[in-house]
Structures are given as structure tokens and as C-alpha cells.
Amino acid sequence: MKTEIEQLAKQILNSRRIVVLTGAGISTESGISDFRSPGGVWDRYDPNDLNFQSFLSSERSRKIYWKFHRDFYLPMKQSEPNDAHYGLAELESMGKCHHIITQNVDNLHQRAGSSPEKIIELHGTAFKVGCLECGVQFDRDEIEKRLDNGEEVPRCPYCEGLLKPATISFGQAMPEAETRKSFDMARVCDLFIVLGSSLVVYPAASLPLEAVNNGARLAIINLTSTPYDDNADILIRKKCGEVMRSVLELLKSKN
Ligand code: ZN
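The following refers to the structure shown.

What counts, and at which threshold
- Residues numbered from 1 in each chain as written.
- Predicted model: local features only at pLDDT ≥ 70, side-chain atom pairs only at ≥ 80, totals over all residues.
- Heavy atoms only, no water.
- Helix = DSSP H or I, 4+ residues; strand = E, 2+ residues; numbered from the N terminus.
- Rg over C-alpha atoms; globule rule 2.2 N^0.38 Å.
- Buried < 20%, exposed > 50% of the residue type's maximum accessible area, 1.4 Å probe, protein only.
- Contact = heavy atoms within 4.5 Å.
- Areas by Shrake-Rupley, 256 points an atom, 1.4 Å probe, with all protein chains shown as cover.
- 1 Å grid on protein atoms, 1.4 Å probe; cavity = no way out; pocket = protein on both sides within 12 Å on 5 of 7 lines; lining within 4 Å.
- Points joined across faces, edges and corners; volume = space filled by probe spheres on them.
- Nonpolar A, V, L, I, M, F, W, Y, C, P; charged D, E, K, R; others polar.
- Domains from an automatic or database assignment.
- Pairing = 2+ DSSP bridges.
- Axes fitted to C-alpha atoms, helices over the stretch in contact; angles between N-to-C directions.
- Donors = N, O, S within 2.8 Å, 3.2 Å for Na, K, Ca; no water.
- Tetrahedral: all angles 85-135°; square planar, octahedral: opposite > 155°, others 65-115°.

## Considering the overall build of the chain
Each helix and strand in the chain was counted, giving eleven helices and nine strands. Here the C-alpha radius of gyration of the chain, 19 Å, is about what a compact globule of 255 residues would show, namely 18 Å. The principal-axis extent of the C-alpha atoms belonging to the chain is close to 60 × 35 × 35 Å. Looking at the 255 residues of the chain, the share that counts as buried comes to 52%. Considering only contacts in the chain between residues 6 or more positions apart, those separated by 24 or more positions represent 68%. In the form shown here, the chain has an accessible surface area of approximately 12,000 Å², with 47% of it arising from carbon and sulfur atoms.

Encoded structure:
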């Protein structure tokens, strides 16, 4: 009887096109708190102040939003990728990770060495700031400097439009191109791996089933149960970093 880790290694070896969906669970292992879980940044703010409509309509909400987002961004910037992020970069170098679809906005896949063109940031990125009027983007740190100097609600230097971190807020439309590409990737893969997502936030949560319905195998690695556990061929309730470390050891011993 093979262990789940051995089964996963075997599936990876036997698959030609592998897509990985990563969620908050992979980054909590880097010390980034899942802001939906108790004790997270969320507890200190009223969600009504943070949705997209409030951002558009109220200067007071925009001030709160930027303050919230700084509380969230500054520790995130200090965090480091972990074995799961590094493991995915290594899988890519072995030709075994064709796309990473991530619900995270923390840039850790890029920092671990995964190719930017293989990463689909479904919920945007906290490391850029965009103008809601003209669409121009800035590095987050450039805008952070302005906040350090006392600005509370930064505006676009070109058009005076509202600037907002390039993450998808509650109530804000999902990025069309990224969403379409994620579903396309889910349909054409032969192995879909969920790494650290509880699969409760849509549309990301629909991707595993999209893959399964188009013939892919499904592996779910998450500490807690998900609504799609019954659809999984391989189900592992362990930490992402630990699993990736063991799987890579096995894969290397077979090469
Ligand atoms: Zn602008």
C-alpha cells in the first residue's frame, strides 16, 4: 500500500500537464496570517469599510482601507517563501509545474523562483498599486513612501484618479483575463493540485471540479477539509511545506 505522498509523487511523474492552485494555507507557513481567520487583521476592521463600493464612494472609507492595507502589507513584505513555494519552483524546473493559479497577493511564488509568466494572480497583487481612472500601475513601495510622508489617500499623479492596491476587494469584479486563463488551464491539465486552499472562495473554488470534469486527476493538500474532498484522487491533510519536501525527495530519488 503506497502512502499518499508516494501516490502524489507517482501522479506527478505520470502527468504531462500539471496545474497547481495555491491559497492562504501555503502562506500561513511563511507567517502571513489568513486575514479571514480569527485574530487576523480583519478583526480590527469593519468589513463594510473595506468593500469596493465604500472605497469608491467615501473618503473616510478610503482612509480606513489604506490603513488596513498597510497593516496587511508591511508584515507580508518581511515574510519569506517556504518549502512549498520553493518546491513548486523546483517542480517547474523539472517540467512538472505548468501553471500556478494563486489566490494569494504576497508575491512569494515569484520570490521563490517560479517564472512570472507561469503565475496567475487571481486576486491581484499587493505589490502594485493601480489608478482606477487611467489604469497606470506603480510599485507599491513608491506609494508607501508617500504614505510614510503623511498622505492618507494617494491620488494618481497623472490624472488625479483614485489609487488602490492592485488586489481584488470584496465587491470588486474579478480580473477577466486571469479568471478566463485559470479556467482554460484547469480544463487542459491532467493533474490539478490544490495546495493550501480550503476551496470556499469563488471562482477559485470551482477550478478543481472544472479540471476533474475535463478528465484531470485531483490532489488536495490542505490542513482542513474542503467541499471537494470527495472528488479528490489523493487527499493529504498535512502542511504544504512538509508535503512538498517529501514529494520532491521521492521525485529526485527516482531520477
Ligand atoms: Zn491615473
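## Re the layout of surface pockets
Within this model, the second largest pocket holds a volume of roughly 610 Å³. Contributing to the lining of the second largest pocket are 29 residues, with Gly124, Thr125, Gln137, Ala166 and Glu178 lying nearest its centre. Looking at the lining of the second largest pocket, the elements with two or more residues in it are strand S3 (119-121), strand S4 (124-131), strand S5 (137-139), helix H8 (140-148), strand S6 (163-167) and helix H9 (176-188). Its residues assigned to classes, the lining of the second largest pocket comprises twelve nonpolar, nine polar and eight charged. Shared between two domains, the lining of the second largest pocket takes at least three residues from each, and those domains are domain 1 (1-31 + 81-123 + 174-255) and domain 2 (33-78 + 124-167).

## Details of the sheet that holds strand S8 (residues 217-221)
Strands sit in the order S3-S2-S1-S7-S8-S9 across an open sheet of six strands; the sheet is parallel. A strand with exactly one partner marks an edge of an open sheet, and here the two such strands are S3 and strand S9 (234-236). Taking the axes of each pair of neighbouring strands and ignoring which way they run, one obtains an average angle of 15° across the sheet.

## A short note on the coordination of the zinc ion
Coordination of the zinc ion by the protein involves Cys131 (SG), Cys134 (SG), Cys156 (SG) and Cys159 (SG), with metal-donor separations of 2.3 to 2.4 Å. Seen from the zinc ion, its four donor atoms lie at angles of 96 to 118°, and the figure they make is tetrahedral. For Cys131, a relative accessible area of 5% puts it in the buried group. Judged by relative accessible area, which is 42%, Cys134 ranks as partly exposed.

## Topic: the pairing of strand S2 (residues 99-102)
With burial as the criterion, each face of S2 is covered, one bearing His99 and Ile101 and the other bearing Ile100 and Thr102. Pairing analysis gives three bridges linking S2 to S3, with the strands arranged parallel. Bridge pairing in S3 links Ile100 to Ile119.

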